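# Fold and contact review
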Amino acid sequence: MELSVSAFHPSWQYLYPSHLLFPYHFTPENYVHWTQTPESHMFSADLPGVRKEEIKVEVEDSRYLIIRTEAIEESSLPAKSFMRKFRLPGRVDIDGISAGYENGVLTVTVPRSFRRRGFSIELADQPEQLEVARAA
């Protein structure tokens, strides 16, 4: 009777916890930290070596916040290639979004909006409705 060795030895990934296999805290290169306060949502990204003129913060379709780096001149490249796109939460003040860049850290503040965005629809005079004959 021959037994395989693998039947008695579980896989190495189950023997060692992940903090022992990867002892260093790893954050992706394009990581953006998001926090929220009662007044606003805050996005912060580490962009060391990037000049302020190379950073673009945009709002697309009033729903998405885009943070990216872009070369100032066509012949040069930005110090760091970076692009992230976030769906904005509901009830935010798009016109009040602000951004600051200090000591290599970009901070974007998206204030919450406490007013409801609604509108009323006025009733228009409706023309007489025609009867539609249906084919049998």
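Residues numbered from 1 in each chain as written. Predicted model: local features only at pLDDT ≥ 70, side-chain atom pairs only at ≥ 80, totals over all residues. Heavy atoms only, no water.

### Some details on the overall build of the protein chain
Counting secondary structure elements, the protein chain contains 2 helices and 7 strands. Reading the protein chain from its N end, one meets helices and strands in the order α-α-β-β-β-β-β-β-β. Counting only contacts in the protein chain whose residues sit at least 6 apart along the sequence, the fraction spanning at least 24 positions is 47%. With an accessible surface of roughly 11900 Å², the protein chain has 53% of that area assigned to carbon and sulfur atoms. (Helix = DSSP H or I, 4+ residues; strand = E, 2+ residues; numbered from the N terminus. Contact = heavy atoms within 4.5 Å. Areas by Shrake-Rupley, 256 points an atom, 1.4 Å probe, with all protein chains shown as cover.)

### As for the sheet that holds strand β4 (residues 64–69)
An order of β3-β4-β5 is seen for the 3 strands of this open sheet, with the pairing classed as antiparallel. Only two strands of the sheet have a single neighbouring strand rather than two, namely β3 (55–60) and β5 (83–87). Neighbouring strand axes in the sheet, compared pairwise and without regard to direction, differ in orientation by 15° on average. When β3 meets β4, the two strands line up antiparallel, connected through 6 bridges. Its bridge partner lying in β4, E60 is registered against Y64. (Pairing = 2+ DSSP bridges. Axes fitted to C-alpha atoms, helices over the stretch in contact; angles between N-to-C directions.)

### Focus on the nonpolar core
Generally speaking, soluble globular proteins have nonpolar side chains that are buried together. F43, L47, L65, I67, V108 and V110 are the most contacted members of the largest nonpolar core, which totals 15 residues. By residue number, the principal contributor to this core is strand β7 (residues 105–111), which donates 3 residues. Residues in contact with V108, not counting those within four places in the same chain, are H41, M42, F43, V57, L65, I67, I97, S98 and A99. (Core = buried A, V, L, I, M, F, W, Y, C linked by side-chain atoms within 4.5 Å. Buried < 20%, exposed > 50% of the residue type's maximum accessible area, 1.4 Å probe, protein only.)

### A few points about the sheet that holds strand β2 (residues 40–46)
The sheet built from 4 strands is open, its strands ordered β1-β2-β7-β6 with antiparallel pairing. Each edge of the open sheet carries a strand with a single partner, namely β1 (32–36) and β6 (98–102). Across this sheet, the average inter-strand angle for adjacent strands is 15°, counted without regard to direction. As paired elements, β6 and β7 share 5 bridges and run antiparallel to each other. Bridged to E102 within β7 is V105.

### So, the pattern of salt bridges
Side chains that carry opposite charge are capable of pairing whenever their charged atoms lie near each other. Counted under the stated rule, the structure contains 4 salt bridges. Among the ionic pairs, R51 bridges to E53, the shortest N-O distance being 3.9 Å. Overall, the relative accessible area of 46% leaves R51 in the partly exposed class. One salt bridge connects E58 with R68, and the closest N-O pair in it is separated by 2.7 Å. Linking E58 in strand β3 with R68 in strand β4, this pair joins segments that are 10 residues apart in sequence. When its relative accessible area of 31% is taken as the criterion, E58 is described as partly exposed. (Salt bridge = Lys/Arg side-chain N within 4 Å of Asp/Glu carboxyl O.)

Keep in mind these values describe shape, not function.
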